[in-house]
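The chain contents come next:
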Amino acid sequence: MIISMRPHASRAEIDHVCERIAEFGYKVHSIEGEERVVIGVVGIGDVTSCLESLEATPGVETAMRISAPYKFVSKEFRKGRSAIKINGCEIGGDEFVMIAGPCSVESEKQIMDTAEGVAAYGARILRGGAFKPRTSPYDFQGMELEGLKLLRKAKERTGLGIITEIMSDRDVELVAEYTDCMQVGARNMQNFALLKSLGGCGRPVLLKRGMSSTIKELLMSAEYIVAHGNPNVILCERGIRTFETATRNTCDIAAVPVLNELTHLPVVLDPSHATGKRSLVPALSRAGVAIGADGLIVEVHPCPEKAVSDGAQSLTLTDFARMMSDLQPYIRLWKEARSRELAAV
Ligand code: PEP
Ligand code: MN
């Protein structure tokens, strides 16, 4: 169940509702929004009586039953789409958002050249890892604080928003200071300590699907962040592990419309990690636009053969420019479909 309190309900009313919930044997998860408090009710008990009682309790605006195990992120909680603002652009609204940049921040020149290039060709957000989750402990681990500072500099120069990966709950405050959006990588999708601490980080979170995680598990992880106080979560399909070896991962393209049925959260597609091959990125990007993703996150490097990570899947700036131009007819159709949808709500 989800209980929405009236805007500006008093503390006494909120406390009273929480006491009533406890009397019915349920647990309370409340989210304090700017305008109103929303209370998630979880556990096993007499749902019908509890709902009836809460609907009649002072301060309550609506009380609704949510059958999905993920409550706040489910479509039952919110019918339409949630649009999430990152540095003045909105993901999940009427704009198809391109996020682009290198896998890792490597040097000032590399990140500045990439930022200026992708901005010129229509990207709205710059990606780049400063803390890198690498399979081998001997591989480049990221520039850390120096990398974060370079990302900030690139933002100042280009006006692009910044997204960068957060790997540990210990670094949340530091990374949040430098970035507009926190990326949780596939390997950390079920790092529950990290997810909980992102509930209070004050930044939107881009949550990538774990490489062996189901869609339900992805949504449960998103629920962790929202239940801990942060409603601004963007989901990302980046390919999953299957028996197929022709691509680095298998892009679960159906995950996009499946997620659109199950959740109001925005969904972006990462065609770079989904394929592992530069040549396949434009085709999957077209598919992402056509299938109704809210945006793409694409790896771009000014000189991929010199990249310290993921060079094989990184587009050159020229490739990126061509892809952006080729995507325009698809993006026009996307916009028409999205405006029709938003007008119908
Ligand atoms: C990345 O975005 O560079 C990355 C490490 O992605 P993923 O977590 O999807 O593997
Ligand atoms: Mn990468």
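Residues numbered from 1 in each chain as written. Chains lettered and ligands numbered in written order. Predicted model: local features only at pLDDT ≥ 70, side-chain atom pairs only at ≥ 80, totals over all residues. Heavy atoms only, no water.

### Describing the sheet that holds strand β12 (residues 233-237)
Across a sheet, strands are paired by hydrogen bonds formed along the backbone, either parallel or antiparallel in direction. Basically, it comes down to this: Two strands are counted as paired when DSSP detects at least two bridges linking them. A helix here means a DSSP run of H or I that spans at least four residues, while a strand means a run of E at least two residues long, and both kinds are numbered starting from the N terminus. For helices, the fitted line uses only the C-alpha atoms of the stretch in contact; every axis is such a line through C-alpha atoms, and the angle between N-to-C directions lies from 0 to 180 degrees. The contact criterion used throughout is that any non-hydrogen atoms of two residues lie within 4.5 Å.
One closed barrel accounts for eight strands, arranged β7-β8-β9-β10-β11-β12-β13-β14; its pairing is parallel. Going from strand to strand, the sheet's axes swing by 25 degrees on average, the running direction of each strand aside. By the bridge criterion, four bridges tie strand β11 (residues 205-208) to β12 in an arrangement that is parallel. Bridged to L206 within β12 is I234. The strands touched by helix α3 (residues 108-120) within the sheet are β7 (97-101) and β8 (125-127), with β8 carrying the most contacts at an inclination of about 145 degrees.

### Observations concerning helix α8 (residues 255-262)
Put simply, the test is: Exposure categories follow from relative accessible area, calculated using a 1.4 Å probe and restricted to protein chains: below 20% of the type maximum is buried, above 50% is exposed, and the middle band is partly exposed. Starting at the helix axis, one direction is taken to each C-beta atom, and the arc is that of these directions.
Every buried residue belonging to α8 is among A255, V256, L259 and N260, and all of these are buried. The buried residues of α8 occupy one face: seen down the axis, they fall within an arc of 135 degrees. Its buried side turned inward, α8 meets α7 (215-227), β12 and β13 (267-269).

### Focus: the site of ligand 1
Our working definition: We define proximity as follows: a residue is near a molecule or strand when any one of its heavy atoms falls within 4 Å of that partner. Each polar contact in these results corresponds to two N or O atoms within 3.5 Å; when the atoms are within protein, one needs to be able to donate a hydrogen and the other to accept it, and residues that are neighboring in sequence are counted only if both atoms are side-chain atoms. All accessible areas in this document rest on Shrake-Rupley with a 1.4 Å probe, and a residue is counted as covered only by the protein chains that are shown. Points on a 1 Å grid, built from protein atoms alone, make a cavity when a 1.4 Å probe fits but cannot get out and make a pocket when they are open with protein on both sides within 12 Å along at least 5 of 7 lines; residues with an atom within 4 Å of a point are the lining residues. Think of it this way: a molecule belongs to a cavity or pocket when more than half its atoms come within 2 Å of the grid points there. Classification convention: Asp, Glu, Lys, Arg as charged; Ala, Val, Leu, Ile, Met, Phe, Trp, Tyr, Cys, Pro as nonpolar; all other residues, Gly among them, as polar.
What surrounds ligand 1 is the set C103, R127, K132, E165, Q183, G185, A186, R187, K208, R238, H273 and E299. The contact in question runs from an oxygen atom of ligand 1 to an N or O atom on the side chain of K208, over 2.9 Å. In the environment of ligand 1, an oxygen atom lies 3.2 Å from a nitrogen or oxygen atom belonging to the side chain of E299. A total of 300 Å² of accessible area belongs to ligand 1 in isolation, and the protein chains cover 97% of it. Taking a 2 Å distance to the grid points as the criterion, the majority of the atoms of ligand 1 fall inside the second largest pocket. Tallied by class, the residues present in the shell around ligand 1 amount to two nonpolar, three polar and seven charged.

### Focus on the coordination of the manganese ion (ligand 2)
Metal coordination angles have textbook ideals: 109.5 degrees for a tetrahedral set of four donors and 90 or 180 degrees for an octahedral set of six. Cut-off, in case you're wondering: Counted as donors are N, O and S atoms no farther than 2.8 Å from the metal, or 3.2 Å for Na, K and Ca; water is not among the atoms, and sites may therefore look incomplete.
The manganese ion (ligand 2) binds to the protein through C103 (SG), H273 (NE2), E299 (OE) and D310 (OD); the donor distances cover 2.0 to 2.4 Å. Taken in chain order, the donor set of the manganese ion (ligand 2) reads C-x169-H-x25-E-x10-D. With E299 in strand β14 (residues 295-299) and D310 in the loop between β14 and α11 (317-344), this pair connects stretches of sequence that are 11 residues apart.

### As for the domain arrangement of the protein
Under the convention used in this document: Domains are outlined according to an automatic or database domain assignment.
The domains assigned to the protein are domain 1 (2-64) and domain 2 (84-344). Of note, the centres of domain 1 and domain 2, computed from C-alpha atoms alone, are 35 Å apart.

### Describing the layout of surface pockets
Applied cut-off: Grid points are joined across faces, edges and corners, and a volume is the space filled by probe spheres set on the points.
Counted as a void, the largest pocket has a volume near 590 Å³. I31, G33, V38, R78 and P231 are, among the 22 residues lining the largest pocket, the residues nearest its centre. Mapped by element, the contributors of at least two residues to the lining of the largest pocket are β2 (27-32) and β4 (60-64). Looking at the lining of the largest pocket residue by residue, the class counts come to 11 nonpolar, six polar and five charged. When we break the lining of the largest pocket down by domain, the ones giving at least three residues each are domain 1 (2-64) and domain 2 (84-344). In this model, the second largest pocket occupies a volume close to 370 Å³. Tallied by class, residues from the lining of the second largest pocket come to four nonpolar, six polar and 12 charged.

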